[in-house]
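# Analysis of the macromolecular model
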Amino acid sequence: MSGNKLSLSFFQSDDTRTLARKLLGCELVHDSPDGITSGIIVETEAYLQDDPACHAFNRRTTRTEPMYGPAGTSYVYLIYGMYQCFNVVSNREGIGEAVLVRALQPTSGTDLMALRRGLIYRKHEVTTFSKPVGLKELCRGPGKLAKAMGIDRAIHNNILLTGDTLYMNEPVLSDFETVISPRVGINVGVDLPYRYYIKNNPFVSKPW
């Protein structure tokens, strides 16, 4: 996949919220045996160690161990027993913080993304047998994103995002306005302004 791959130094910041903003516009790439899929990051959420919604809040477990690794490590977890979510570990090693990638604007491999999600891709429109689904729905939300990109906790959890399989390229988009808002889909820490997304981008999961 062409593009300038991000180095570990890009992810190294003492402020997870800064990284959550920096990731907007970058391209996430998965070079799998099935083919290459990629998309521009258009929405993120920051999770800090003193944040009650963070998995590492007041505890360190086997599940959360990747969060304490070096910045630029992947953290993939399962929710509701069926949806996987992809995160980028942030801050300094030993501090359990990460950035959840919530939505992508697909850039390549859209037919493969649709196949992974059990959909049909045809002429820039994704359809099911019952109703049409717009292209923007492919990676609109963390669960859809991980499934479309073929990100699997058994394979991609706790790896550095600088290898040849799952990695990020330098920003593809840069001329945009960033919106900051409370996060969505959580029950605690709901008022914290830790969600970042590209204003007016149709691929954002839940515009305000």
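Overview of the structure. Counting restarts for each chain, with residues numbered from 1 along the sequence as it is written. The model is predicted, so local features are restricted to residues of pLDDT at least 70 and side-chain atom pairs to those at 80 or more, both for listing and for counting; the totals for chains, interfaces and linings are taken over all residues. Side-chain numbers come from the whole structure's heavy atoms, not from hydrogens or water.

Counting secondary structure elements, the protein contains 5 helices and 11 strands. A radius of gyration in this sense is built from C-alpha atoms; the matching globule rule multiplies 2.2 Å by the number of residues raised to 0.38. Its C-alpha atoms give the protein a radius of gyration of 16 Å, near enough to 17 Å, the size a compact globule of 208 residues would have. Referenced to the eigenvectors of the C-alpha coordinate spread, the extents of the protein come out at roughly 45 × 40 × 35 Å. Within the protein, the proportion of its 208 residues that are buried is 50%. Any pair of residues with heavy atoms lying within 4.5 Å of one another is described as a contacting pair. Taking contacts inside the protein between residues at least 6 apart in sequence as the whole, the part at least 24 apart equals 62%. Using a 1.4 Å probe, the Shrake-Rupley method yields the accessible areas, and only the shown protein chains count as cover for residues. In the form shown here, the protein has an accessible surface area of approximately 9,900 Å², with 49% of it arising from carbon and sulfur atoms. His is not counted here, nor are the chain ends, while Lys and Arg score as positive and Asp and Glu score as negative. We put the charge of a Lys on NZ, of an Arg on CZ, of an Asp on CG and of a Glu on CD. In the protein, the 23 positive side-chain charges and the 21 negative ones have mean positions that sit 7 Å from each other. Labels follow the DSSP assignment, with helices taken as runs of H or I lasting at least four residues and strands as runs of E lasting at least two, numbered in each case from the N terminus. Residue burial is assigned from relative accessible area. The probe radius is 1.4 Å, only protein chains are included, and a residue is buried under 20% of its type maximum, exposed over 50%, and partly exposed in between.

Side-chain alternation along strand S11 (residues 195–198) places Arg195 and Tyr197 on one buried face and Tyr196 and Ile198 on a second face that is also buried. In this structure, strand S2 (residues 35–47) lies alongside S11, joined through 3 bridges in antiparallel fashion. When the sheet's bridge partners are listed, Thr44 is paired in S11 with Tyr196. A pair of strands is treated as paired once DSSP finds two or more bridges between them. The pairing of strand S10 (residues 178–181) with S11 spans 4 bridges and is classified as antiparallel. When the sheet's bridge partners are listed, Ile180 is paired in S11 with Tyr196.

On to the packing of aromatic side chains. Two rings from Phe, Tyr or Trp (for Trp, the six-membered ring) form a pair when their centres are within 6.5 Å of each other. A pair whose planes differ by under 30 degrees is stacked, one over 60 is edge-to-face, and the rest are tilted. Under the criterion given, the structure shown has 2 aromatic pairs. Pairing Phe10 with Phe11 gives two aromatic rings, centres 5.5 Å apart and planes at 85°, and the pair type is edge-to-face. Centroid distance Tyr75 to Tyr77: 5.3 Å. Interplanar angle 40°. Geometry classified as tilted. Residue Tyr75 shares its accessibility class with Tyr77, and that shared class is buried. Across from the ring centre of Tyr68, 4.1 Å away, lies the NZ or CZ of Arg60, which sits over that ring. The criterion for a charge sitting over a ring is simple: Lys NZ or Arg CZ within 6 Å of the ring centre, and within 35 degrees of the ring normal.

Relative to the assigned elements, Met168 resides in strand S9 (residues 166–169). A residue is classified by how much of its surface remains accessible, and Met168, at 0% relative accessible area, is buried. In this structure, the C-alpha to C-alpha distance between Met168 and Asn4, residues 164 residues apart in sequence, is 8.5 Å. Excluding residues that lie within four positions of it along the chain, Met168 makes contacts with Asn4, Lys5, Leu6, Phe11, Leu23, Glu27, Leu28, Ile41, Phe86, Val88 and Leu161.

This next bit is on the nonpolar core. Only buried residues count toward a nonpolar core, which is a set of Ala, Val, Leu, Ile, Met, Phe, Trp, Tyr and Cys residues joined through side-chain atoms within 4.5 Å. Residues Phe11, Leu23, Leu28, Phe86, Val88, Ile151 and Met168 are the most contacted members of the largest nonpolar core, which totals 42 residues. In this view, Leu28 contacts Thr37, Ser38, Gly39, Phe86, Leu104, Leu145, Met149, Ile151, Leu166, Tyr167 and Met168; residues no more than four positions away in its chain are not counted. Membership of the second largest hydrophobic core comes to 12 residues, among which are Cys54, Tyr75, Cys85 and Val89.

Let's shift gears to the pattern of salt bridges. The salt bridge definition used is simple: a Lys or Arg side-chain nitrogen within 4 Å of an Asp or Glu carboxyl oxygen. Enumeration over the complete set of coordinates arrives at 11 salt bridges. The residue Arg195 makes a salt bridge to Glu43 at a minimum N-O spacing of 2.8 Å. Taken as a pair, Arg195 in strand S11 and Glu43 in strand S2 lie far apart in primary sequence, 152 residues in all. Classification of Arg195 by relative accessible area gives buried; the value is 0%. The exposure class assigned to Glu43 is buried, which follows from its relative accessible area of 0%. Among the charged side chains, a salt-bridge network with shared partners connects Glu43, Glu45, Arg102 and Arg195.

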